[in-house]
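Examination of the molecular architecture
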Amino acid sequence: MRRGLTAAVLLAASAWATAATAQPSVWDVAKDPRRARAYQALVGVERMVMRAERSGFDVTMQRNFTRAALAMLELAGGDRLPDPRLGFLLGDLLVDSSVGRDREALEVLKKAVAQDPTSPMAARAWFDIAIASARQGNPGAERSAYDEALKTAWETDFRANVLMNRGESRMVLGDLKGAVADYKQAIRLSQRPELSSLAYYGLGIALERAGDLPSGLDAMRMARAVQIPGLGSTLDLPSVFFVPAFDIHYYKALSAMSAERDAKEPVRKAELLTEAIEHWKAYLAEAVPAKHRWVQNAKLHLAANEKKLEKLSAKLPKKPRSRRPR
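In this report, we go over the structure that sits alongside the text. Residues take numbers from 1 onward in each chain, read along the sequence in its written order. In keeping with the predicted nature of the model, local features appear solely for residues at pLDDT of at least 70, side-chain atom pairs appear and are counted solely at 80 or more, and the whole-chain, interface and lining totals rest on all residues. For the side-chain quantities, the full set of heavy atoms in the structure was used; hydrogens and water were omitted.

Comments concerning the pattern of salt bridges
Our working definition: The term salt bridge refers to a pairing of a side-chain nitrogen on Lys or Arg with a carboxyl oxygen on Asp or Glu at a separation within 4 Å. Here a helix means four or more residues in a row that DSSP labels H or I, a strand means two or more in a row labelled E, and each is numbered from the N terminus. The buried label applies to any residue whose accessible area, calculated with a 1.4 Å probe on protein chains only, is under 20% of its type's maximum; exposed applies above 50%, and partly exposed to all values in between.
Summed over the entire model, instances satisfying the criterion amount to 21 salt bridges. Here Lys 151 and Glu 148 are joined by a salt bridge, their closest N and O atoms 3.0 Å apart. Of this pair, Lys 151 and Glu 148 both sit in helix H8 (residues 139–152), separated by three residues, roughly a single helical turn. Note that Arg 192 is salt-bridged to Glu 194, the shortest N-O span being 2.9 Å. Residue Glu 194 is classed as buried on the basis of its relative accessible area, which comes to 10%. What you see here is one network of salt bridges that share partners, running through Asp 147, Arg 166, Arg 170, Asp 175 and Asp 182.

A look at the packing of aromatic side chains
Centre-to-centre distance and the angle between the planes together describe a pair of aromatic rings. For clarity, the threshold we go by: Here the aromatic set is Phe, Tyr and Trp, taking the six-membered ring for Trp, and pairing holds for ring centres within 6.5 Å; pairs whose planes are under 30 degrees apart are stacked, those over 60 apart are edge-to-face, and all others are tilted. Comment: the charge-over-ring label is applied if NZ (Lys) or CZ (Arg) is within 6 Å of the ring centre and within 35 degrees of the ring normal.
Evaluated as defined, the whole model comprises six aromatic pairs. Ring geometry for Phe 242 and Tyr 251: centres 5.1 Å apart, planes at 75°, overall edge-to-face. Exposure class is identical for Phe 242 and Tyr 251. Each is buried. Ring centres of Tyr 250 and Tyr 283 lie 5.1 Å apart, and the angle between their planes is 85°; this geometry places the pair in the edge-to-face category. Taken together, the residues Tyr 250 in helix H13 (residues 247–262) and Tyr 283 in helix H14 (residues 266–290) connect sequence positions 33 residues apart. Considered together, Tyr 250 and Tyr 283 belong to a single accessibility category, that of buried residues. Every member of this aromatic cluster is reached through a ring pair, and the members are Phe 246, Tyr 250, Trp 280 and Tyr 283. The cationic tip of Arg 135 hangs over the ring face of Phe 241; the distance from NZ or CZ to the ring centre is 5.3 Å. Over the face of the ring belonging to Tyr 250 we find Arg 209, whose NZ or CZ atom lies 4.1 Å from the ring centre.

Let's talk about the environment of Gly 87
Position of Gly 87 relative to the elements: it lies in helix H5 (residues 85–95). The spatial distance from the C-alpha of Gly 87 to the C-alpha of Ala 112 is 5.6 Å, given a sequence separation of 25 residues.

Quick word on unusual backbone geometry
A cis amide bond links Val 243 to the next residue, Pro 244, at an omega of -5°. Of note, Lys 291 is a non-glycine position whose phi angle comes to about 55°, a positive value. Looking at the element boundaries, Lys 291 is found in the loop between H14 and helix H15 (295–315).

Notes on helix H7 (residues 122–135)
Defined as follows: A helix's residues, less one, multiplied by 1.5 Å, set its expected span.
Helix length check: H7 (14 residues) gives 20 Å between terminal C-alpha atoms against 20 Å at 1.5 Å per residue, within 8%. Most of H7 is tucked away: twelve of the 14 residues are buried. The complete set of buried residues in H7 reads Ala 122, Ala 123, Arg 124, Ala 125, Phe 127, Asp 128, Ile 129, Ala 130, Ile 131, Ala 132, Ser 133 and Ala 134. With its phi angle positive at about 75°, Gly 137 sits one or two positions after the end of H7.

Structure representation (structure tokens):
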């Protein structure tokens, strides 16, 4: 599970909110008329990004404003304009989940950080490189990019997001101890409830996969405490994605197991066990052919949940059969 940053964090982390103040002088424009166009593009795209941020959890509005910003920047000339900030901006828009042009984004972003490695936007660019690398199936490059982002990232929620995502890449690479450490640090840093929730989800999965199921379920309880109005679980946020995609069922199955452990009413416990079983089966349907690392864990949980549900169902009152009139 990874999470891309929202525009609000993006602006704070990359200082784009003040980028437009660096207006070129008359002499700059005289030397290169394209500087005026670059500045206009920067201001216009920044406004679109801020509108996307203000749309909250309205996925359609976010997507529309993001795509409008990208179209505006590409029509203006993109990273070919004489302002290095536009390369960082273009790469970030290309990697957005509503666009997903990851290969192009990697080229643009790597070029941008090579040209201006000390830019205040460099940390965000490395974060985007990591996201694109994850979706391209390269967890090693993903983790290395997060390492680079952490060298210059200063905003606390941004650092928390980077650490949380690095924990995911470490888990993919089998480094569960490192993943647990990253998740715990992300939890300590995060100030936004949804970030804390997602970090707890990751911690719960890492602990369970490391063999500590009780602690994993405890972390899941903390994660479930945050619910998004009109959406539900933070796992369903539009900025959250899973590599591989079917791993979402592992998260939701373990979350249901945690909720079942805390439930008091037998009927509710049965419902949550059924939910967990459905997610374990959905996970295994794709994880087994893919030879995913955690298939055996899922099989054991599925068998245990089915056995527990069978025992519980035997104690529940039977529903009366409806009689048909003769």
